[in-house]
Amino acid sequence: MGSDRTGIGRRRRHAGPVAGLVAAAVGSSLWNLRGVLDEWSTAVPTRLDNRFQAWVIHWVQGALMGEHPLYDAATFAPAHGTLTFSDHLIGLALVLLPLRWLGLSPAAVFNTAIVLGVVLDALAGYALGYVLVRRRSAAVVCGAVFALGPVPWLATMHLNLVWRPGLALVVALGWVLADRAGGRHRWPGLPGDRALLAGLAAVVAWQGLVSFFYAVFVLIVATVAVAVRWRDLGSGRRRVAGAVVVGTALSAWSYVPYLTTRREQSGFEWELEDVAFLRAAPHIVEEANVVWGGWLGRPLFGPDGFHAFPGLVVIALVVAGLALARSWRRREGSGAVPLVGVGLALVGAMGALGPGWGRTTGWTPYALAFRFVPGFSAIRASGRFVLIVLLGLAVVAAVAVAEVAARIEDRDGGEREIRPAGRARIAGALAALVVAGLVVEGAARPRDVTPAAPRPVDVALAEADGPGGVVYLPVGFDGLGDFDAQEAFVVRSARHDRRIVNGFAGFYPESARVLADRLTGLPDDVSLDCLAAHDIAFVVVTDRVGPHSPWADLLDPDAAGPLVLVGSFDGELLYRVPDRDVPAGTCPLPAVR
């Protein structure tokens, strides 16, 4: 009974700080998403990528429920394995399945996932902070630095960048196992070592299933944590390494199809010079940032790099943490906590440098790994290593707050003695002040709101009889306007899940460009033969087709023959491709089996 009461009391002590941190995470996210609140189910923030990621999650969830294949996604028909042209997001799709079961649209799933991701990052950071320093105020700060502020909000431009709790949890789980192995702390309220090792493997696997770069990142943070606690782990090093290897293997299967795509598709691999602009830029922020955008702001999608200015609150905490690290070591008898924070930040910074500048170009750790480590070139955006830097900075910030709290507790008695309850309130107030500062520095003007809902013609396609794919016009892959249109068509196709000639991805197959060029002659025989040869049964003339478009004639159904008009739906025309007997091998396309 006593142990039960102790456990309940322990949980109650965390309830207040955790609730406050969650409230800050939710409130900050919803404030920054205020532009899309009244269109939660029909639109997403930002112009590019988010509609596509909403569709990817929808497609993968359908595959997980057995509705269609996984990797042979609907886009870029008739190419195969098209899910491998970008991150598969399997880990995200899996945990967000309940939202789909509740009936949320792809846009609503995406928008809700932004808020949930920020909350989970904050909770994972809290768990890490408490494991490392065993102070709730410091844990709150650790979670806040990891989840709030200019850099964490910038990460919401891609959903997979938001969902990174595994980075913090891998370090936390390894730390607990090291504490037990070294006899420093028994952690009686937590499960046994076997359960923790299983949890470590599960976290590594899940985070690796979110995105390929996370599969690399979890290995990096685990290696840093193990290196710092090497002596304490002792023989437990093999068990921790085994759990990490098992977790890696449980996610590695999902990337095997990418090897097939790499072998079959020319241009699938990037060159080092092509990704230089994706390195971290610690002197800039998103131009929408309320506090710093006027001085340091740059466009969200631009050539300046990953906006990595962390804000003055984080800088001040890190400076204080470094200054107090020696005092922490004397007090705790170990410098492992500040060391792991600094180690993570430094390792992350080396990756975030990307290919380098000037004479260092091509010789940075990232550049060498890109050139010589098989598969590493898949991490095109070196600026994403800032997420590891952020984790390290969160740990150093927790050290700063914990050391300040300890000094408050160590004050001599006398007339000005502070009682224990008062000390806790002071530490809590300090943590609240830090959280408030991070929320303010992370505040942003609303991003562009982009429609991500089906149109009436998409509903008609879902209800149409017979199989066959679709081509939405205009179709093309040569400019920003083309990419914007193709992404819009991709997310609209979630309503019917038919294969579409259109596509949006990190890689564009040559077959897509060749087929798009051949279809500029619609409705001529060459174009119709191509559609028939590749089982494309419908043509949608969208409201993006203008009078000077190659498909302008299709705006008039009388001039569209032999295409058969199915109907007009809110200004968009739906045609059916007539049945045609075409010889085998008609309209060959590169790398299409």
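Here goes a summary of the coordinates provided.

Conventions used here
- Residues numbered from 1 in each chain as written.
- Predicted model: local features only at pLDDT ≥ 70, side-chain atom pairs only at ≥ 80, totals over all residues.
- Heavy atoms only, no water.
- Helix = DSSP H or I, 4+ residues; strand = E, 2+ residues; numbered from the N terminus.
- Buried < 20%, exposed > 50% of the residue type's maximum accessible area, 1.4 Å probe, protein only.
- Contact = heavy atoms within 4.5 Å.
- Salt bridge = Lys/Arg side-chain N within 4 Å of Asp/Glu carboxyl O.
- Phe/Tyr/Trp six-rings, centres within 6.5 Å; stacked < 30°, edge-to-face > 60°.
- Lys NZ or Arg CZ within 6 Å of the ring centre and 35° of its normal.
- Pairing = 2+ DSSP bridges.
- Patch = residues over 30% accessible without salt bridge, like charges linked within 9 Å, V, L, I, M, F, W, Y side chains within 5 Å.
- Areas by Shrake-Rupley, 256 points an atom, 1.4 Å probe, with all protein chains shown as cover.

1. Quick look at the environment of Val 491
Looking at the secondary structure, you find Val 491 in helix 23 (residues 480–492). You can call Val 491 buried: its relative accessible area is 5%. For Val 491 and Gly 236, which are 255 residues apart along the polypeptide, the C-alpha to C-alpha distance reads 48 Å. Residues in contact with Val 491, not counting those within four places in the same chain, are Arg 51, Trp 55 and Ala 452.

2. Some details on unusual backbone geometry
Between Leu 522 and Pro 523 the backbone carries a cis peptide bond, its omega angle lying at 10°. Mapped onto the elements, Pro 523 comes out in the loop between helix 24 (510–518) and helix 25 (525–533). A cis geometry characterises the amide bond from Gly 561 onward to Pro 562, with omega recorded as 15°. Relative to the elements of secondary structure, Pro 562 occurs in the loop between strand 8 (536–541) and strand 9 (564–569). The phi dihedral of Arg 134 is positive, around 55°, even though this residue is not glycine. Structurally, the position occupied by Arg 134 is in the loop between helix 5 (106–133) and helix 6 (136–147). Since its relative accessible area comes to 36%, Arg 134 is described here as partly exposed. At Cys 587, a position not held by glycine, the phi torsion is positive, near 55°. Within the secondary structure, Cys 587 is located in the segment after strand 10 (572–576). Judged by its relative accessible area of 8%, Cys 587 falls in the buried class.

3. Focus on the pattern of salt bridges
The final tally for this structure, using the stated rule, is 21 salt bridges. Asp 193 is the partner of Arg 239 in a salt bridge, and the nearest nitrogen-oxygen pair spans 3.6 Å. Residue Arg 239 is located in helix 13 (residues 236–252), and its partner Asp 193 is located in helix 10 (residues 193–210); the two are separated by 46 residues in the primary sequence. Across the pair Asp 458 and Arg 492 runs a salt bridge whose closest N-O atoms are separated by 2.8 Å. One end of the pair, Asp 458, is in helix 22 (residues 456–463); the other, Arg 492, is in helix 23, and 34 residues separate them in sequence. The exposure classification of Asp 458 matches that of Arg 492, with both residues buried. Sharing partners across several salt bridges, the network here consists of Arg 455, Asp 458, Arg 492, Asp 543, Asp 570 and Glu 572.

4. Focus: the packing of aromatic side chains
Within this structure, the stated rule accounts for 25 aromatic pairs. For the pair Tyr 366 and Phe 385, a centre-to-centre distance of 6.4 Å together with 80° between the ring planes defines the contact as edge-to-face. Taken as a pair, Tyr 366 in helix 19 (residues 365–372) and Phe 385 in the loop between helix 19 and helix 20 (386–409) lie far apart in primary sequence, 19 residues in all. One residue, Arg 237, lies across the ring of Trp 230, its end atom 4.0 Å from the ring centre. Its end group placed over the ring of Trp 363, Arg 371 keeps NZ or CZ at 4.9 Å from the ring centre.

5. Details of the pairing of strand 7 (residues 469–473)
In terms of residue burial, strand 7 counts as a mostly covered element, since five of its five residues are buried. Side chains Gly 469, Val 471 and Leu 473 of strand 7 all project onto a buried face; the interleaved residues Val 470 and Tyr 472 project onto the opposite face, where all are buried too. Bridge count for strand 7 against strand 8 is five bridges, and the pairing is parallel. Residue pairing across strands places Val 470 opposite Phe 538, the latter belonging to strand 8.

6. A word on a nonpolar patch on the surface
On the surface, Leu 64, Leu 94 and Val 95 cluster together into a nonpolar patch covering about 230 Å² of accessible area. With respect to the helices and strands, the residue Val 95 is situated in helix 3 (residues 90–95). Residue classification places Val 95 among the partly exposed residues on the basis of a relative accessible area of 36%.

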